[in-house]
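This is what each chain is made of:
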Amino acid sequence: MTEQAVKFIEVKEQNRTYTFPSGTVKLEGVTGINVSKSGTHRINTKDGKKHIVPSGWIHIEFDAPEWTF
């Protein structure tokens, strides 16, 4: 089986906050995002970390100069 690279959309966000029924997840320095068919978000941050945020959030807030997708 051949693995395919996950493609990310480049973004310039300072912060991204996901609100779930049970609480929030806040990410800083977001540089790239990939949204899967299931709604899961894969996120790269400028500190080199990789994050996976599952679908099920009820609100997203982000600081960005423009809409990127």
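Here, the structure is the one placed above.
No experiment lies behind these values; they were computed from the predicted model shown.

A. Structural context of the sheet that holds strand β1 (residues 9–10). Across the sheet, which stays open at both edges, the 4 strands sit in the order β1-β4-β5-β6 with antiparallel pairing between neighbours. Every other strand in the sheet has two partners, leaving β1 and β6 (50–53) as the edge strands with one partner each. Pairing of β1 with strand β4 (residues 30–35), which is carried by 2 bridges, proceeds in the antiparallel orientation. The residue of β4 that forms the bridge with Glu10 is Gly32.

B. Representation of the environment of Phe8. Mapped onto the secondary structure, Phe8 falls in the segment before β1. Between the alpha carbons of Phe8 and Gly39 there is a distance of 14 Å; along the sequence they are 31 residues apart. Once residues within four sequence positions are removed from consideration, Phe8 is found in contact with Gly32, Ile33, Asn34, Arg42, Ile43 and Asn44.

Reading the values: rules and limits
- Residues numbered from 1 in each chain as written.
- Predicted model: local features only at pLDDT ≥ 70, side-chain atom pairs only at ≥ 80, totals over all residues.
- Heavy atoms only, no water.
- Pairing = 2+ DSSP bridges.
- Helix = DSSP H or I, 4+ residues; strand = E, 2+ residues; numbered from the N terminus.
- Contact = heavy atoms within 4.5 Å.

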